[in-house]
Amino acid sequence: MPLQPSCIFCQILSGEVEASFIYRDELVTSFMDIRPLVRGHLLIIPNDHCSSLADLNDALGGHMFIIARRLAQAIRQSKLRSEGVNLFLADGPAAGQTVFHSHLHVIPRFAGDGFKIHFPASYGTRPSRNELNEIAELLQKAMHLNGKFYR
Ligand code: AMP
Ligand code: ZN
């Protein structure tokens, strides 16, 4: 989709809104997150307006991951404090998406950085193998694989 005037990330791409850029190529742009969870937290966005994961094609989605991997390596090799990296993508409001121009977060991590992922109470209870198999089958059907792959 072309740039959307009301989208903050499109405004960054068009130069209307300032950003601290790290990287740009024909498909994606990367800049620093304005409210970093950890120092060095950056974003990678498509150069076209794509509101959700479903709007990305395979080449674009794959390229976002390639660049995320390169930027994660850059973080690890830089002077920024980092003992690890999280890649994070929120797709939809229920997943925490607040800017509806799809983006991949690259977040440096180190012991004591204060960033925590909160697990639900159900995390303590392991589902049965049967239940996991049923869910795997459900997803295979949704992918139209019809049992062609090992599970
Ligand atoms: P999400 O909750 O996954 O949709 O993440 C949106 C991210 O965009 C948040 O981490 C915000 O801090 C970040 N953000 C929002 N506006 C800007 C901006 N103008 N420049 C840089 N990052 C931004
Ligand atoms: Zn946009």
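Residues numbered from 1 in each chain as written. Chains lettered and ligands numbered in written order. Predicted model: local features only at pLDDT ≥ 70, side-chain atom pairs only at ≥ 80, totals over all residues. Heavy atoms only, no water.

**Focus on the overall build of the protein chain**
From N to C terminus, the protein chain includes 3 helices and 5 strands. For the protein chain, the α and β elements follow one another from N to C terminus as α-β-β-β-α-β-β-α. Its C-alpha atoms put the protein chain at 50 × 40 × 25 Å along the principal axes. Once local pairs closer than 6 in sequence are excluded, the contacts in the protein chain between residues at least 24 apart make up 51%. Accessible surface, the protein chain: about 10,400 Å² in total, of which carbon and sulfur atoms supply 56%. (Helix = DSSP H or I, 4+ residues; strand = E, 2+ residues; numbered from the N terminus. Contact = heavy atoms within 4.5 Å. Areas by Shrake-Rupley, 256 points an atom, 1.4 Å probe, with all protein chains shown as cover.)

**Some remarks on the site of ligand 1**
The full set close to ligand 1 counts 16 residues, and Asp33, Gly96, Thr98, His103 and His105 are the nearest of them. Here an oxygen atom of ligand 1 and a backbone polar atom of Thr98 are 2.7 Å apart. Between an oxygen atom of ligand 1 and a side-chain N or O atom of His103, the distance comes to 2.9 Å. When isolated, ligand 1 has an accessible area of 500 Å², and the protein chains bury 83% of it. The cavity that encloses ligand 1 is the largest pocket. Breaking the shell around ligand 1 down by element, the ones donating at least two residues are helix H1 (8–14) and strand E2 (28–32). Of the residues assigned to the shell around ligand 1, the class counts are 9 nonpolar, 5 polar and 2 charged. (Near = heavy atom within 4 Å. Polar contact = N/O pair within 3.5 Å; in protein donor to acceptor, adjacent residues only side chain to side chain. 1 Å grid on protein atoms, 1.4 Å probe; cavity = no way out; pocket = protein on both sides within 12 Å on 5 of 7 lines; lining within 4 Å. Sits in = over half its atoms within 2 Å of the grid points. Nonpolar A, V, L, I, M, F, W, Y, C, P; charged D, E, K, R; others polar.)

**Digging into the domain arrangement of the protein chain**
Under the domain assignment used here, the protein chain contains domain 1 (8–114) and domain 2 (119–151). For domain 1 versus domain 2, the separation of C-alpha centres amounts to 29 Å. (Domains from an automatic or database assignment.)

**Things to note about the coordination of the zinc ion (ligand 2)**
Around the zinc ion (ligand 2), the donor atoms from the protein are Cys7 (SG), Cys10 (SG), His49 (ND1) and His101 (ND1), and they sit 2.1 to 2.3 Å away. Classification of the site at the zinc ion (ligand 2) rests on its 4 donor atoms, whose angles at the metal span 105 to 115°, yielding the label tetrahedral. Written as a sequence motif, the donor arrangement for the zinc ion (ligand 2) is C-x2-C-x38-H-x51-H. Placement of the pair is Cys7 in the segment before H1 and His49 in the loop between strand E3 (42–46) and helix H2 (58–77), with a sequence separation of 42 residues. Classification of Cys7 as buried rests on a relative accessible area of 8%. (Donors = N, O, S within 2.8 Å, 3.2 Å for Na, K, Ca; no water. Tetrahedral: all angles 85-135°; square planar, octahedral: opposite > 155°, others 65-115°. Buried < 20%, exposed > 50% of the residue type's maximum accessible area, 1.4 Å probe, protein only.)

**So, the sheet that holds E2**
On the basis of which strands lie adjacent, the open sheet formed by 5 strands has the order E1-E2-E3-E5-E4 and antiparallel pairing. This sheet does not close on itself; its edge strands, each paired only once, are strand E1 (21–24) and strand E4 (84–88). When the angles between neighbouring strand axes are averaged without regard to direction, this sheet yields 20°. Relative to E2, E1 is paired through 3 bridges, and the arrangement is antiparallel. Residue Arg24 lies in a different strand from E2, and its bridge partner there is Thr29. Here H2 sits on the sheet in contact with E1, E2, E3, E4 and strand E5 (104–109), set at roughly 160° to E3. (Pairing = 2+ DSSP bridges. Axes fitted to C-alpha atoms, helices over the stretch in contact; angles between N-to-C directions.)

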